[in-house]
Amino acid sequence: MPNLTPWVTMVILISTIPADMCVEIIGGVQVRNHSKPFMALVTGRDSLCGGALIKPDWVLTAAHCHREEMYVTLGAYSRSKKEKEQQKFTVTHVVPHSKFSNKTAVNDFMLLKMDKPAQLNQYVKTLDLPREVKDVKVDSECSVAGWGLTHPNTKEGSDKLMAVTVRVISRKKCTKDYKKNKLRITGDMLCAWDKNGERDTSKGDSGGPLVCEGKFVAVLSFGENRKPGVFSLLTKKTIKWIEKITGGNQ
């Protein structure tokens, strides 16, 4: 697999999609304090990713974020400050999608079971999985958030939670953009960015949820600087897998 760079400015590293190759938010803005209560900060040894709380004790993120020791922080706005709203957990059970491929990034999903259920409140809430799965139309406006890099030339992720609005592009166009990387954009993937390359995801944002028209539709997988971010779509099969692992419908 060619070297790609992790992102929510959207840029992800994939050679064999190492866990530290997550994405960042580029050209985004700080979100209103605690306005995205479903966001999960996923950390491990020398790694940073995003995720979404889908059940009180389960977080959905990207499979390439896997580490031996993983932790989840909910209710976080700042990564460095000890905010009273934060709830911290140890991950006790890691379940990457059984058909995830490091080489192709297909099925880049992973479920994290926390050591105890979160206390749901105005700062910590679950993000519902879509009840009806539809492909997202080209040019649809969507949002993605994370604590990843805020500029391609920086090395540190953002201390504050950042968000960016991106537009969905066609798979044909996205495949053309990644032609030199010999990367195939499948029907289970979705591509989105700002066509000027000024708004995207980047390293540290991998695993974060893509929300379109208020619905959770995909998980940030990978990208490369000045190329669209690539997301793993929540298909019927993926949702069935999630429900099987986490114990059925919410």
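Note that the structure is predicted; figures quoted are calculated from it, not measured.

Quick notes on the rules
Residues numbered from 1 in each chain as written. Predicted model: local features only at pLDDT ≥ 70, side-chain atom pairs only at ≥ 80, totals over all residues. Heavy atoms only, no water. Helix = DSSP H or I, 4+ residues; strand = E, 2+ residues; numbered from the N terminus. Buried < 20%, exposed > 50% of the residue type's maximum accessible area, 1.4 Å probe, protein only. Contact = heavy atoms within 4.5 Å. Pairing = 2+ DSSP bridges. Axes fitted to C-alpha atoms, helices over the stretch in contact; angles between N-to-C directions. Phe/Tyr/Trp six-rings, centres within 6.5 Å; stacked < 30°, edge-to-face > 60°. Salt bridge = Lys/Arg side-chain N within 4 Å of Asp/Glu carboxyl O.

## Topic: the overall build of the protein chain
The secondary structure content of the protein chain amounts to two helices and 13 strands. Per-residue burial over the protein chain gives 56% buried out of 250 residues. If you take every contact in the protein chain between residues at least 6 apart in sequence, the share linking residues at least 24 apart comes to 71%.

## Observations regarding the sheet that holds strand S3 (residues 47-55)
Read around the barrel, six strands follow the order S2-S3-S4-S7-S6-S5 and close on themselves; strand pairing throughout is antiparallel. Averaged over neighbouring strand pairs, the angle between their axes works out to 40° when direction is ignored. Here strand S2 (residues 39-44) pairs with strand S5 (residues 70-74) via five bridges, running antiparallel. Across the sheet, Ala40 pairs through a bridge with Leu74, a residue of S5. Where helix H2 (residues 236-246) meets the sheet, its contacts fall on S3, strand S4 (58-61), strand S6 (87-96) and strand S7 (110-114), and the angle it forms with S7 comes to roughly 20°.

## Focus on the packing of aromatic side chains
Here the structure, examined in full by the defined rule, presents one aromatic pair. Judged by centre distance (5.9 Å) and plane angle (75°), the ring pair of Tyr178 and Phe222 falls under edge-to-face. Pair noted here: Tyr178 is in the loop between helix H1 (171-177) and strand S10 (189-193) and Phe222 is in strand S12 (residues 215-222), with a separation of 44 residues, a long-range link. Taken as a pair, Tyr178 and Phe222 share a single burial class, namely buried.

## Considerations on the pattern of salt bridges
For side chains of opposite charge, pairing can occur when their charged atoms come near one another. Applying the stated criterion across every chain, the model contains seven salt bridges. A salt bridge links Glu132 to Lys134, with the shortest nitrogen-to-oxygen separation between them at 3.7 Å. The two residues Glu132 and Lys134 agree in class, both being exposed.

## What about the pairing of S7?
Along S7, four of the five residues are buried, which leaves the element largely enclosed by surrounding structure. Bridging between S4 and S7 involves four bridges; their strand directions are antiparallel. Bridge pairing in S7 places Trp58 opposite Lys113. As paired strands, S6 and S7 are joined by five bridges and run antiparallel to one another. Each residue of the ladder has a partner; that of Val94, found in S7, is Leu112.

Interpretation note: all reported values are geometric properties and have no functional meaning in isolation.
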